[in-house]
Amino acid sequence: MTDFLNTSQLDFIALKESFKNYLKHQSIFSDVDLEASNINVLLEIMAYNSYLNGVYLNMVGNENFMDSAVLRDTVISHAKELNYLPRSQHAAVAEISISAVVGDNPSLREIVIPKYSIFTTTGIVSANSTTSNYTFLNRDNIILQRQNSTTFSANGYIYEGSHVKEYFTVTSAEDQKFIISNRNIDIDSINVVVQASSSDTSNSIYTNATSLYGLNANSTVFFTQAFVDDKYEIIFGDNVFGKKPSVNNLVSIEYMISNGEAANGCKTFLFKGAQPKSQSYTILTINNASSGSDRETIKSIKFRAPRHHQAQSRAVTAEDYRILILNNFNDVSAVNVYGGEELDEPQYGKVFVSASSITGEVLSDNRKRDILEFLKLRTPLALDSEYIEPTYLNLLVKSNVIYNPTLTTLSVEQLKTKVRTAITNYNTTNLLNFDNDFRYSKFVAVIDASDPGIVSNSTDISMFKDYYPLLGTSLIFVIEFKNEIQQDDNTVSRQLTNEFTVNSSEFEYLGKPAFFGEDGAGIMFIYQYTSQGRKILNANCGTVNYSLGKIYINNIIIDSYSGSSLKFYATPKNKDIFVIRNSIIRIDSDLTNVTVKVV
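Residues numbered from 1 in each chain as written. Predicted model: local features only at pLDDT ≥ 70, side-chain atom pairs only at ≥ 80, totals over all residues. Heavy atoms only, no water.

### Some details on the overall build of the protein
And then number 1: Within the protein one finds nine helices and 33 strands.
And then number 2: Taking 25 Å as the expected radius of gyration for a compact globule of 599 residues, we find that the protein reaches 32 Å, considerably beyond that expectation.
And then number 3: Taking the principal axes of the C-alpha coordinates as reference, the protein spans close to 100 × 90 × 50 Å.
And then number 4: The proportion of buried residues among the 599 residues of the protein is 42%. (Helix = DSSP H or I, 4+ residues; strand = E, 2+ residues; numbered from the N terminus. Rg over C-alpha atoms; globule rule 2.2 N^0.38 Å. Buried < 20%, exposed > 50% of the residue type's maximum accessible area, 1.4 Å probe, protein only.)

### Considering empty space enclosed by the protein
And then number 1: Scanning all chains against the criterion turns up two cavities of 30 Å³ or more.
And then number 2: Of the volumes computed, that of the largest cavity is approximately 80 Å³.
And then number 3: Taken together, Arg72, Ile76, Pro86, Arg87, Ser88, Gln89, Arg183, Ala226, Asp230, Tyr232 and Arg295 make up the full set of residues lining the largest cavity.
And then number 4: Here the second largest cavity is characterised by a volume of approximately 60 Å³.
And then number 5: As for the second largest cavity, its lining consists of 13 residues, of which Leu393, Phe481, Lys482, Phe578 and Ser583 are closest to the centre.
And then number 6: In terms of residue count, the dominant contributor to the lining of the second largest cavity is strand 21 (residues 391–403) (three residues). (1 Å grid on protein atoms, 1.4 Å probe; cavity = no way out; pocket = protein on both sides within 12 Å on 5 of 7 lines; lining within 4 Å. Points joined across faces, edges and corners; volume = space filled by probe spheres on them.)

### Comments concerning helix 5 (residues 318–328)
And then number 1: Burial of helix 5 is extensive: eight of the 11 residues sit out of reach of the surface.
And then number 2: Those residues of helix 5 not exposed but buried are Asp320, Tyr321, Arg322, Ile323, Leu324, Ile325, Leu326 and Asn327.

### A look at the sheet that holds strand 12 (residues 203–208)
And then number 1: One open sheet accounts for seven strands, arranged 9-15-11-12-13-14-10; its pairing is mixed. Either end of the sheet is taken by a strand with one partner, and the two such strands are strand 9 (162–169) and strand 10 (178–180). With strand direction ignored, the average angle separating the axes of adjacent strands in the sheet is 30°.
And then number 2: The sheet contact formed by strand 11 (residues 185–195) and strand 12 spans four bridges and is antiparallel. Its bridge partner lying in strand 12, valine 193 is registered against isoleucine 205. (Pairing = 2+ DSSP bridges. Axes fitted to C-alpha atoms, helices over the stretch in contact; angles between N-to-C directions.)

### Describing the packing of aromatic side chains
And then number 1: Overall, the coordinates contain 22 aromatic pairs when judged by the stated rule.
And then number 2: Their ring planes at 70° and their centres at 6.0 Å tell us that phenylalanine 477 and phenylalanine 568 sit as a pair that is edge-to-face. Of the two residues, phenylalanine 477 sits in strand 23 (residues 474–480) while phenylalanine 568 sits in strand 31 (residues 566–570), which places them 91 residues apart along the sequence.
And then number 3: The exposure class of phenylalanine 477 is buried, given its relative accessible area of 6%. (Phe/Tyr/Trp six-rings, centres within 6.5 Å; stacked < 30°, edge-to-face > 60°.)

### Examining the confidence of the model for the protein
Any region with low pLDDT has predicted coordinates that should not be read closely.
And then number 1: With 92% of its residues at a pLDDT of 70 or more, the protein shows a mean pLDDT of 85.
And then number 2: Low pLDDT, under 50, characterises residues 125–129; the predicted model gives this stretch two contacts beyond four residues in sequence or across chains. (pLDDT = per-residue confidence, 0-100. Contact = heavy atoms within 4.5 Å.)

### Considering the layout of surface pockets
And then number 1: In this structure, the second largest pocket occupies an estimated 1600 Å³ of space.
And then number 2: What lines the second largest pocket is a set of 46 residues, among which Ser333, Ile358, Thr428, Leu431 and Leu432 lie closest to the centre.
And then number 3: Taken together, the elements giving at least two residues each to the lining of the second largest pocket come down to helix 4 (298–311), helix 5, strand 18 (332–339), strand 19 (350–357), strand 21, helix 7 (412–430), strand 22 (454–467) and strand 32 (583–587).
And then number 4: Within the lining of the second largest pocket, the residues separate by chemical class into 14 nonpolar, 18 polar and 14 charged. (Nonpolar A, V, L, I, M, F, W, Y, C, P; charged D, E, K, R; others polar.)

### What about a nonpolar patch on the surface?
And then number 1: Side chains of Val41, Leu42 and Ile45 sit close together on the surface and give an oily, nonpolar patch of about 280 Å² of accessible area.
And then number 2: By the element assignment, valine 41 lies in helix 2 (residues 37–63). (Patch = residues over 30% accessible without salt bridge, like charges linked within 9 Å, V, L, I, M, F, W, Y side chains within 5 Å. Areas by Shrake-Rupley, 256 points an atom, 1.4 Å probe, with all protein chains shown as cover. Salt bridge = Lys/Arg side-chain N within 4 Å of Asp/Glu carboxyl O.)

### Some remarks on the side chain of glutamate 518
And then number 1: Note that glutamate 518 resides in strand 26 (residues 512–518).
And then number 2: Here threonine 501 takes part through its backbone nitrogen, which lies 2.9 Å from a polar atom of the side chain of glutamate 518.
And then number 3: At 2.8 Å, the side chain of glutamate 518 forms a polar contact with the backbone nitrogen of glycine 520. (Polar contact = N/O pair within 3.5 Å; in protein donor to acceptor, adjacent residues only side chain to side chain.)

### Comments concerning the nonpolar core
And then number 1: Ranked by size, the top nonpolar core spans 48 residues in total, and within it Phe438, Phe443, Phe481, Phe516, Ile526, Ile556 and Phe568 carry the most contacts.
And then number 2: For this core, the element with the most residues is strand 21, which contributes five residues.
And then number 3: If you look at the next biggest cluster of nonpolar residues, it comprises 27 residues, including Phe168, Ile180, Ile190 and Ile253. (Core = buried A, V, L, I, M, F, W, Y, C linked by side-chain atoms within 4.5 Å.)

### As for the sheet that holds strand 29 (residues 550–557)
And then number 1: Overall, antiparallel pairing links the seven strands, which are arranged 23-29-28-27-26-25-30 in an open sheet. The two strands at the open ends of the sheet, each matched to only one other strand, are strand 23 and strand 30 (560–561).
And then number 2: For strand 25 (residues 507–509) and strand 30, the ladder comprises two bridges, and the chain directions are antiparallel. If you follow phenylalanine 507 over to strand 30, its bridge partner there is tyrosine 561.

### Section: the side chain of serine 504
And then number 1: In this fold, serine 504 is placed in strand 24 (residues 502–504).
And then number 2: What makes serine 504 buried here is its relative accessible area of 6%.
And then number 3: Looking at serine 504, its side chain comes within polar contact range of the main-chain nitrogen of phenylalanine 516, at 2.9 Å.
And then number 4: Ignoring anything within four residues of it in the chain, the contact list for serine 504 reads Phe515, Phe516, Lys567, Phe568 and Tyr569.

### A short note on the pattern of salt bridges
Side chains that differ in charge, positive against negative, can pair when their charged atoms come close.
And then number 1: This structure, assessed with the given rule, holds 19 salt bridges.
And then number 2: The partner of lysine 368 in a salt bridge is glutamate 389, and the shortest N-O contact between them spans 2.1 Å. Taken together, the positions of lysine 368 in helix 6 (residues 365–376) and glutamate 389 in the loop between strand 20 (384–387) and strand 21 put the pair 21 residues apart, joining distant regions of the chain.
And then number 3: Using a relative accessible area of 12% as the deciding quantity, one classes lysine 368 as buried.

### Description of the pairing of strand 1 (residues 93–102)
And then number 1: Within strand 1, eight of the 10 residues are buried, which leaves the element mostly enclosed by the surrounding structure.
And then number 2: Strand direction decides the pairing type here: strand 1 and strand 8 (residues 151–160), joined by nine bridges, are antiparallel. Following the sheet pairing, valine 93 is matched in strand 8 by tyrosine 159.

### Considerations on the packing of helix 7 against helix 8 (residues 440–449)
And then number 1: Two numbers describe how helix 7 lies on helix 8: the axes approach to 9 Å, and their chain directions differ by 145°. Where helix 7 crosses over helix 8, the two elements pack in a sense that is right-handed. The residues of helix 8 that touch helix 7, namely those facing Val419, Ala422, Ile423 and Tyr426, are Lys442, Phe443, Val446 and Ile447. (Left-handed = near helix turned anticlockwise from the far one by under 90°.)

### A few points about helix 3 (residues 72–81)
In an α-helix, one full turn covers 3.6 residues, which means residues spaced three or four apart are oriented alike.
And then number 1: For helix 3, every residue scored as buried is listed here: Arg72, Thr74, Val75, Ile76, His78 and Ala79.
And then number 2: Within two residues after helix 3, asparagine 83 carries a phi angle of roughly 60°, on the positive side.

### Things to note about unusual backbone geometry
And then number 1: Positive phi values are uncommon outside glycine, yet asparagine 83 reaches one of about 60°.
And then number 2: Along the chain, the position of asparagine 83 falls in the loop between helix 3 and strand 1.
And then number 3: Look at asparagine 83 and you get exposed, because its relative accessible area is 59%.

In C-alpha cells form, the structure reads like this:
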C-alpha cells in the first residue's frame, strides 16, 4: 500500500501520476473515478502547483552558488563576497601629438588644453560598411610647450567617450547609497570630490582604494563595488578605515561613459575644443585607439573571481601573474608567464610575461609599461619582470568537403559559408591562447559536424610566419616555427617542380620577383619563375633545421615584398601543432580555402 506522496519530481505528468497513485490507495477514494473531469482538474492544479514550486526552489538553489547561478546580478553578488570587482566598459585610448601655431608672442610661455576637451574622429568603417564617429576626451590637461617663436607642442592621451558629473547630498540615513546611474561607465575614470556644503566650497579630493592597508580615520578614500543592473556603487569609509563624509556634505562624482571596444582602431582626430582665433591646431596620431573593451561577461566573472581570491593581489606563482594581469587590464585576453630558468640559456631572477590583446593586435608600448609597473608593486624584490612580445604561428587551411545533397537543403555557397564559420568559431574557442595546441582530429570533426549533409572532408594544414624585413640592407635572420617541418626526399623530379615543404611569398631580389625554396636536404635557395621554368638566383642563402622547425637566412638583401609582410610557409611533419612559451596559434580566416563537392 502506498501511503507516501512523492512530490520531488520536476515533471508535470510524473507529479500527476504520483497524486493519482496516492489517492488510489486511500480507502475513501477506492471507488472514485480519478479520470472524471472535476477531480482530474483538481489533480492537474495540484500537479501544476507542485511543479512550479519545484522549479522555483530548484532555481533558488542554483542561484545560491556561483557555479550554477545564471542571473548576472547573482553572479556579481557572489563575486563581491570574494572581493572581486567585475570589469566595466573600458574606453579606447589613443596617443597623439598636438601642436599649435600662434602669432609671435614672446610673453606666451605655454598653451593649456584643459581636460575633457573634445576631439573627434573622422570615423571608422564597420563590417557592414557603415561609418561610425566617436568623441574622444583628454582626462588630464595637455600642456603645450614652446618649440620655436610660433609653435607649441606636446604629446598626450585621449579617451573615447563622454564626460558625466553626478551630485549627491549626504543625509543622516544609515543606508544611504551612492549609485552611479550610467551602465556604460569606465570605472577607471571615476573622480570623487566631497564639498563641505552647497554654500561652503571648501572640498577634499577622495582617491580610489583597493584595500584597507595604510588607511586610518582621516584617509580621504572611496571604494568601488558592483551594484545591480550592471551599475556601480561608491562606498566611503567608516571613520576607522577611511574618512566618512558628514551630513550635508556635497559629493561630486565625475566619470566617463564609453562605447567599449567599438572605438578601437580610430586613428585620425580633429580638435573641437575652444580655439582662440590666433591659434591653429594640428594633430598627429602616435598610437591608434586601442585597449577599449566591453563589460565583463558572466562566464568570465565565474572563472576569474575565485582565482582572483586565490591570488590575494600578490604575484608569486605563474598563475598569480596571469590572474592579476587579466583582472586589471581589460584589453588583455591571454597571458603567458614563465621563469628565466626555463630558457635554453637560463636567466635566473627574471620572470618573462607575454600578453595578447582582445583584438589580436600588439599591445602599445605604454600598455606594456603599465603591466610591468603594476607587477613591480606585487612581486618579490628579488624578481625582475620583463615583457616579451607574443609570437603568432599562423595556420593556412585548405579543406575539400564532400557532401550528400539529399541530406541538406543548403546550396554549395551556403555550405562553404557554414564551414568557414565553423572554422572561425574553432579558431576563437580552441586557439588564440598561449596554452592551446592545434589538434587535427578535433578540427576536422568540427568541419564534419558543421552540417548534416557533410559526409567527409580532406583538410591540409600548413604553417606560416610573418616577417617584416628591413629593405635594402644585408639581413641575417631566423624564422622559428617551433614544430617539426616535413622533409621530403631530395629527388631529381622534386628539384624540377615548385613544390617545397618550405617556401615564401613573393619578394624582389636583385631587381627580380623571387621566392624562397629548399632542396630537401636542408639548403635554402632563392629562385625565380620564368617561362622556361625555375631559375636559381641564389643557390645557397641559408639552411633549414627540419627537426627544430627553424629557417636560417644569411646575408641577403631584399628590395621589396608583396603584401603587408614577407610570409614563410612550412609543411608540418605532424598533423597536431603545438605551442611553446610565448607562442599563440591562430587560423588565418582570410586565407582559408574551402571547396565543396558532391559525394
